[in-house]
Amino acid sequence: MALTLLRGIRTPTLFRTNVGLFCTARHPPLAHFTTRAGGMQTTEPKAAPKSIQQATKEAAEHKTRGFEAVIGIETHVQLSTITKAFCSCPYNYGSQPNSTVCPTCMGHPGTLPVLNAKVVDCAVKLGLALNCEISMTSKFDRKQYFYPDLPKGYQISQFDIPIAEKGYLDLDLPVEFGGGHRRFGITRVHMEEDAGKLLHSESGSYSQVDLNRAGVPLLEIVSEPDMRTGIEAAEYGAEIQRLVRYLGVGNGNMQEGSLRCDVNVSVRPIGQPEFGTKVEVKNMNSFSEISRAIDYEISRQILLHKESQADQIVQETRLWDESSQKTFTMRKKEGLADYRYFPEPDLPEVVLTSEYIDEIRNSMPELPEAKRRRYENMGLSMQDVIFLANDDNVAHFFDATLERGADAKLAANWIMGDITAYLKNEKLSIDEIKLTPLELSELIASIKNGTINGKIGKEILVELIAKGGTVKSVIEEKDLVQIADPAAIEAIVDQVLADNPKQLEQYRAGKTKLQGFFAGQVMKASKGKASPVLLNKILAEKLKGNQ
Amino acid sequence: MPPPLQAHRMLLSHRRASPIPRRRFTAAVSSLPSAPAKTLAPGPGPSSILSIRESLLSGERTAADITAEYLSRLRRTEPIVRSFIHVADAAAEREAQELDRRIASGGQDAVGPLAGVLVGVKDNLCTANMPSTGGSRILDGYQPAYDATAVRRLREAGAIVVGKTNLDEFGMGSTTEGSGFQVTTNPWDDSRVPGGSSGGSASAVSARQCVVSLGSDTGGSVRQPASFCGVVGLKPTYGRVSRYGLMAYASSLDVVGCFGSSVVDTATMLSVIAGHDKMDSTSSSHDVPDYRSDLVSLNLLESKPLNNLRIGIIQETLGDGVDTGVISSIKAAASHLEQLGSVVEEVSLPSFSLGLPAYYILASSEASSNLSRYDGIRYGRQVSADDLNELYGDSRSNGLGHEVKMRILMGTYALSAGYYDAYYKRAQQVRTLVKKSFEEALRRYDILVSPAAPSAAYKIGEKANDPLAMYAGDIMTVNVNLAGLPALVVPCGFVDGGSAGLPVGLQMIGSPFSEGNLLRVGHIFEQTLQDFSFVPPLLADS
Ligand SMILES: [Zn+2]
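Residues numbered from 1 in each chain as written. Chains lettered and ligands numbered in written order. Predicted model: local features only at pLDDT ≥ 70, side-chain atom pairs only at ≥ 80, totals over all residues. Heavy atoms only, no water.

The name given to chain B in an unreviewed UniProt entry is Glutamyl-tRNA(Gln) amidotransferase subunit A, chloroplastic/mitochondrial, and the organism recorded there is Brachypodium distachyon. As recorded by UniProt, the Function (unreviewed entry) comment attached to chain B reads in full: "Allows the formation of correctly charged Gln-tRNA(Gln) through the transamidation of misacylated Glu-tRNA(Gln) in chloroplasts and mitochondria. The reaction takes place in the presence of glutamine and ATP through an activated gamma-phospho-Glu-tRNA(Gln)." What the UniProt record of chain B gives under Sequence similarities (unreviewed entry) is the line "Belongs to the amidase family. GatA subfamily." (UniProt positions renumbered as here; feature names shortened; annotations may be inferred.)

As annotated in an unreviewed UniProt entry, chain A is Glutamyl-tRNA(Gln) amidotransferase subunit B, chloroplastic/mitochondrial from Brachypodium distachyon. What UniProt records for chain A under Sequence similarities (unreviewed entry) is the sentence "Belongs to the GatB/GatE family. GatB subfamily."

Written out as C-alpha cells, the structure reads:
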C-alpha cells in the first residue's frame, strides 16, 4: 500500500511545534541510545567508581539544599498482542510503512472497533502486579483531537473508569546509589490505542503518515507524584519494564518506543505543602536519560527559585536533549487542552468476573519484588539480589540451579561472574546458551567435592556454555579429574624443584616470593589438575624440608 | 410487476376529528371494512420478492427481464425523482444474467432468498464496487474497500444492488434536501420532499425503481420518509442489524433499516440482514427468527386476528402541532386495529416531549466525534494548504455542508469542558427516563402506536431555512431511537395534497426484538386495509 501523503504542507514550523508531542519516541534528533542493560540500570553489577558518583551526588545535594522535587510519571506500555487492540491487523516494529493496516485502523467510514480480549488480560495482569484495585466494570471513552497520525480524530482510551487504580509499586534502589526500599503509588492503569507516526521529508516540504502503529494496544500507567529524585524515577521506570517483561505483556523496549515515560517535575521549598508549577519532560530514550533529564530539570527549577525567578517556571512541555544534556521548551501550555471525552458508543462496557480475575492472578509468575525478598532471605547481598531479580530469565536460571541442589551464594557468583561476562562478550541472553541449570549445579558440586578444582571449573563452564554437554562427560573426555593423590603431586613437585635449581637457590637465599612461581610450575606440569590445596601444602613442605 | 396503478384516497382531513375519549379508544371510521374475515378480498398486491422468486423458479421470467423492467422504470422516473446518487445499471444487468445462468445450470439451489431482487442502498452504507459518499461532497469519489455487513448479506442472499440512494448528508436532515449532490422529490408530488434522511431509499421503493431498499434510522430517518412516500419502513431494535459499514452519524442511535412496498418484503429483508456480526460489538446475538414465515396470510386469518393484542396509542402524539389530517388517519387506523380484535387505549408517555432536545444533544455530540475522521488526510477531498490547521479547516469547510457543520458545532459545544454536565450528561439522564417510560408502557401494551410524522410530505424549501421546524418534525420518532426500540411504519391513509393525496404512515412501536410481532400485526393491518392503494401517481402515467 502506498504511503499516504500530506500533500502540499510546506511550512516546517507546523511540525517543529508539534513533533515532540506525538512522535518523541520515533524522532529522536539525538541518537544516544544505551543498550538494554546500559547506563545506570541495575543490570550493571559494576557501578561507576564510587568517588565520582559520590561527588556528583554531593554537588547535587548542595545545589538542591532547601528544596524538594516532586516527580510523577506517565508510562505508556505497548502490548505485544498478536493483533491490534480493535482490529485484526498484526504489528511488527520496523515493517514497511502502511503494510499492517486495514479499514478499521485507518479510520475508514463505517468501520467499528472490536476489542481484542488479550488487551484486557494484559491490563488485568499488570493491574494486579501493580497491586491495584481492578474495576469489575470499566468502559472506553473517546479522547478527541486532530492530528494526521490519529486516523479517527479521536483515540479510544479510558477516562473516568480505568480498568485498574489505587495501586503501588515496590522497588529497591541500587546499592551504588545509596540503596533503600521504596514504595511509589500508582494512580491508575488504563487501556488505550496507539497513534500512527509521521515521517517528515528531509527538506521539510511534506510529511507522510505511517499507520502501522495506529491501533496498537497500550497501557497507560499513571504514578502518584511520589518520586523525589531522578534515580527514583528511573528505577520506577526500570521496575515497570521488569514487570512488563516478567508478565510477558510487552517487550518494554524503550528504543522502539514500546515503553515511553513522560515525567512531570516540580520543585517546592521544603516544608511547603502545595506543589510547585509542574513541567512535563519528554524524549528520554533510556532510564539513564530519565534520571539525568530529571536531575537537570530539578536544578534548573531550583536555580530559578533561588534567583527569585520562580515565576518563570511555567506549565509547559520540555524536551530532553541528550547531546547538550539539557531540557528545552517544546510548547507552552495555553490552558488545559479540552479533549471532550465522552463514552465510546461503539464498544460495550468491559465487565469482569471474579473468577476471571482469580484465573489471571493464579497464572501470574513470581514477580520481581517477591523474588528480591526471597533472595534477600537466602542471605544474598542486596547487590546480588537486585542483579538476579532484574531479568526474569536470569532469575529463572538461578532458581532452577538452586532446585538442582546448588548453593545459593556459589550459584549467584557463577551467574553474576563468569556467565554474565560470557553473555556480555557474546551479546547473548542467558536463555540462549547451552549450559543448563542442572550442569551448573553439577559443576558447583564437582568443585565442592574436589573432583575438579576451580580453575578447571571455569574452563569446563566455557565449554558447556558454548557446546553444551555434561560436566561429567567434559571431565572424562578431557581427563580433567583433579589429582588428589599426594604421592603423585609430590613426584611432580620434586621434578619441578629439580628442573629449577636456580630459582630454588634464590628461594633458599630468602626470596620466598618464588613459592608462587613454583606453584605455577607444578600446576602447569599437572595440566592444571593438581588439587591446589594439596599442591600448596606439599610444595611448602618440600621447600621447607629441603632447607 | 407493480400492483394495479390506481390511487385511492380518503380525504380524512376534511372530516372533523371527534374528541378522543380519555382511555378507551372506540372511534370507528365508516368506510373501513366492518369485520375483517376470511371472506375478505386480497389486500394490496402480493409480495414483490415472492412473485420474483416464483417467476424465476417457474421459469416464467428471467432475472434479466425483471431487472430490465425495473431499470426501464428507473430511467423513466429518475429525472423527476432523483432518488439515486449512483446507478449501477450495467452491473445489475450483468449480475442478473449471471443469476440466469446459475438458475439454468443449478436450478432451485442457485436461488437465494433474495435472488433477482433489485435493492437500493442508502449511500451512507459502504459498497465495495460503487462509490459511497454519505451524501457528502467531502467523500466525492470515495470508494470503500469493503461491503457493509447488511449489504454483504443481501448480496449473499442473491440480491442485486441497483445503486446508491440519496440522503441528507451523513443522515443529518429530514428532507433529503441536505444532500451534497441533489434534491430528491416525492413520487406522490414532485414539489414535495420525500422526507429524510433516507429519502432516496423511500422514494426509490415508492416509485418502484427497485424492489426494496436499505436505509438507516438515527432519529426517524427510515420511518418518516416511509410515511411521506407511502411505503413500509422498518427501524429494527438497536443492535438487531450490524452497523458495520454504516457511516456513523450517532453510534448509540444508528440502526440499519429497510423499506419495502409490503410488510412481507420488509420482513424477508430483515431476516437476511439481521443477526450478530463479529465486526460490530454492539450487534446483538439475539435469535433471528424467520420473520416472513411467521406472517399469516389473509385467507388463513380468523375473523378477529388481533384478539388479545393490547395497543396503546400515545396521547402526546395526537396533540398540538400535529396535522388534523394525520390525527384522523391515525385514529382511523387505530379503530381499524380495534376492529381486528385488539384493545386500543390511550397511553401517556410523560417524558415524550423531552426526547427531542435530548436527541439533538446526544446525536450532535456523537456526530461531532464521528465526523472527525473526514479530515482530508487519508481519503476524500483534500484542499491543499500551507499548514495543518488550514488543511483541516479548508478541507472540512469545503467538503461539509451547512447542516452538518451546524451539528458538529452543537455537538462540540455540548461536549466541551464546563458544558458536558449541563448538556450531554443531562441528555443521557433524559434518555434513561424516556427508556423507562417506554418500558412501563410496553409492560401494559404489546404495541404502541403514533403517527410517524406530524404532517404528510411538505413542500421542498418549506423548512429549508427553519431548522427548528424541521427538527420539530422528528418528535414522533426520536424517542424510539433513544429507547433503542423497534418500530414499523405502514401506510395507513391519506391527507389532502398533490394530485392524488399524500400518504400517512402509522408507526407501531414494540419491545426490544419484537420485530416479529410488529411485522405480524403490520401484515394483518396492511392486508385488511382495503380501500387504499399506495402506488404513487407518478406511475399512473405509464
Ligand atoms: Zn487494522
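Novice: Describe the overall build of chain A, with residues and values.
Specialist: Along chain A, the regular secondary structure elements total 17 helices and 17 strands. Expressed as a percentage of its 547 residues, the buried residues of chain A come to 53%. The contacts in chain A between residues at least 6 apart in sequence include a share of 72% that link residues at least 24 apart. If you sum the accessible surface of chain A, you get close to 24300 Å²; carbon and sulfur atoms cover 53% of it. (Helix = DSSP H or I, 4+ residues; strand = E, 2+ residues; numbered from the N terminus. Buried < 20%, exposed > 50% of the residue type's maximum accessible area, 1.4 Å probe, protein only. Contact = heavy atoms within 4.5 Å. Areas by Shrake-Rupley, 256 points an atom, 1.4 Å probe, with all protein chains shown as cover.)

Novice: Summarise the coordination of the zinc ion; cite the residues concerned and give the values.
Specialist: Residues and elements named next belong to chain A. Coordination sphere of the zinc ion, protein contribution only: Cys87 (SG), Cys89 (SG), Cys102 (SG) and Cys105 (SG), at 2.3 to 2.4 Å. Its four donor atoms give the zinc ion angles of 100 to 114° at the centre, a pattern that matches the tetrahedral case. Counting residues between consecutive donors of the zinc ion along the chain gives the motif C-x1-C-x12-C-x2-C. The class of Cys89 is buried, set by a relative accessible area of 7%. (Donors = N, O, S within 2.8 Å, 3.2 Å for Na, K, Ca; no water. Tetrahedral: all angles 85-135°; square planar, octahedral: opposite > 155°, others 65-115°.)

Novice: Before we move on, can you summarise helix H7 (residues 368–377) of chain A with the specific residues and values?
Specialist: Residue and element names in this part refer to chain A. Every buried residue of H7 is accounted for by Pro368, Glu369, Lys371, Arg372 and Tyr375. In an axial view of H7, the angular spread of the buried residues amounts to 160°, which keeps them on one side of the axis. Just downstream of H7 lies Gly379, where phi reads positive at about 95°. (Arc of directions from axis to C-beta.)

Novice: Quick rundown of the sheet that holds strand E15 (residues 326–332) of chain A? Include the residues and the values.
Specialist: Sheet architecture is open: nine strands sit in the order E3-E7-E8-E11-E2-E12-E13-E14-E15 (chain A), paired in mixed fashion. Two strands lie at the open edges of the sheet, namely strand E3 (133–134) and E15 of chain A, each paired on one side alone. (Pairing = 2+ DSSP bridges.)

Novice: Now, about the side chain of B:Ser368: what can you tell me, with residues and values included?
Specialist: The residue B:Ser368 is located in helix H9 (residues 355–370) in this model. In this structure B:Ser368 comes out as buried when scored by relative accessible area, which is 3%. A polar contact of 2.7 Å, which involves the side chain of B:Ser368, links it to the backbone oxygen of B:Ser365. Those residues in contact with B:Ser368, other than ones at most four positions away along the chain, are A:Gln144, B:Ile408, B:Gly411, B:Thr412 and B:Leu415. (Polar contact = N/O pair within 3.5 Å; in protein donor to acceptor, adjacent residues only side chain to side chain.)

Novice: Before we move on, can you summarise the state of the cysteines with the specific residues and values?
Specialist: If you walk through the whole model with that rule in mind, you get zero disulfides over all chains. The closest cysteine sulfur to the non-disulfide-bonded B:Cys229 is located on B:Cys210, 11 Å from its own sulfur. (Disulfide = S-S within 2.5 Å.)

Novice: Break down the UniProt feature "active site" (unreviewed entry) in chain B for me, with residues and values.
Specialist: Residues and elements named next belong to chain B. When the UniProt feature table is mapped onto this chain numbering, "active site" (unreviewed entry) sits at Lys122, Ser197 and Ser221. In three dimensions, the annotated residues from a span of 100 residues occupy one location, with a maximal C-alpha spread of 10.9 Å. Mapped onto the elements, Lys122 comes out in strand E2 (residues 118–122). For Lys122, a relative accessible area of 0% puts it in the buried group. Not counting chain neighbours up to four residues away, the residues in contact with Lys122 comprise Lys164, Thr165, Leu167, Ser197, Ser198, Ser201, Leu214, Gly215, Ser216 and Ser221. Within the structure, Lys122 has its side chain in polar contact with the side chain of Ser198 (distance 2.8 Å). Looking at Ser197, the relative accessible area reads 0%, which means it is buried. Those residues in contact with Ser197, other than ones at most four positions away along the chain, are Lys122, Asn166, Leu167, Asp168, Gly171, Met172, Gly173, Ser174, Thr176 and Ser221.

Novice: Describe the packing of H7(A) against helix H8 (residues 382–390) of chain A, with residues and values.
Specialist: Residues and elements named next belong to chain A. Running from amino to carboxyl end, H7 crosses H8 at an angle of 145°, the nearest separation of the two axes being 9 Å. In the packing of H7 onto H8, the handedness of the crossing is right-handed. Contact residues: Pro368, Lys371, Arg372, Arg373, Tyr375 and Glu376 in H7; Met382, Val385, Ile386, Leu388 and Ala389 in H8. Of the residues in the contact of H7 with H8, the class split is seven nonpolar, no polar and four charged. (Axes fitted to C-alpha atoms, helices over the stretch in contact; angles between N-to-C directions. Left-handed = near helix turned anticlockwise from the far one by under 90°. Nonpolar A, V, L, I, M, F, W, Y, C, P; charged D, E, K, R; others polar.)

Novice: So what's going on with the nonpolar core? Residues and values would help.
Specialist: A:Leu130, A:Tyr236, A:Ile290, A:Leu388, A:Phe398, A:Ile419 and A:Leu440 are the most contacted members of the largest nonpolar core, which totals 107 residues. When residues of this core are assigned to their parent elements, the largest contribution, ten residues, is made by helix H4 (residues 230–247) of chain A. Formed jointly, this core draws a minimum of three residues from each of two domains, domain 1 (68–351) and domain 2 (368–478) of chain A. Setting aside chain neighbours within four positions, we find A:Ile419 in contact with A:Phe397, A:Trp414, A:Ile430, A:Ile433, A:Leu435, A:Leu440, A:Leu461 and A:Ile465. Counting residues in each nonpolar core, the second largest holds 101 residues, with B:Ala91, B:Leu99, B:Tyr291 and B:Leu529 among its members. (Core = buried A, V, L, I, M, F, W, Y, C linked by side-chain atoms within 4.5 Å. Domains from an automatic or database assignment.)

Novice: Explain the pattern of salt bridges to me, using residue names and the numbers behind them.
Specialist: Residues and elements named next belong to chain B. Taken as a whole and judged by the stated rule, the model has 53 salt bridges over all chains. Taking the shortest distance from any N to any O, the salt bridge between Asp123 and Lys164 comes out at 3.0 Å. You can see Asp123 sitting in the loop between E2 and helix H4 (149–156) and its partner Lys164 sitting in strand E3 (residues 160–165), a full 41 residues away along the chain. This pair shows no difference in class: Asp123 is buried, exactly as Lys164 is. Residue Asp140 pairs with Arg381 through a salt bridge whose shortest N-O separation is 3.9 Å. (Salt bridge = Lys/Arg side-chain N within 4 Å of Asp/Glu carboxyl O.)

Novice: Run through the packing of helix H9 (residues 392–403) of chain A against helix H10 (residues 408–426) of chain A, naming residues and quoting values.
Specialist: Two numbers describe a pair of packed helices, the interaxial angle and the distance between the axes. All names here are of chain A. Where H9 contacts H10, the axes come no closer than 10 Å and their chain directions differ by 140°. As summarised for this structure, H9 and H10 are arranged oblique, according to the angle between their axes. For H9 against H10, the interelement crossing comes out right-handed. Every residue of H10 that contacts H9 at Val394, Phe397, Phe398, Thr401 and Leu402 is listed here: Ala408, Ala411, Ala412, Ile415 and Ile419. (Parallel < 35°, antiparallel > 145°, perpendicular 65-115°, else oblique.)

Novice: Please set out the interface of chain B and chain A residue by residue, giving values where relevant.
Specialist: Chain B puts 44 residues into the contact, and the matching count from chain A is 41 residues. A buried area of about 3400 Å², summed over both sides, lies between chain B and chain A, and 54% of it is on carbon and sulfur atoms. Considering only the side of chain B, the residues that lose the most area to chain A are B:Arg373, B:Arg378 and B:Leu388, jointly responsible for 20% of the buried surface there. Linking chain B with chain A are one salt bridge. Between B:Arg243 and A:Asp346 there is a salt bridge, with the nearest N and O atoms lying 3.0 Å from each other. Counting every contact that joins chain B to chain A gives 20 residue pairs in polar contact (both at pLDDT 80 or more). Breaking the side of chain B that touches chain A down by element, the ones donating at least two residues are H9, helix H10 (388–399) and helix H11 (402–415) of chain B. The element that contributes the greatest number of residues to the side of chain B that touches chain A is H9(B), accounting for five residues. Looking at the side of chain B that touches chain A residue by residue, the class counts come to 21 nonpolar, 14 polar and nine charged. (Buried area = accessible area lost by both parts, 1.4 Å probe.)

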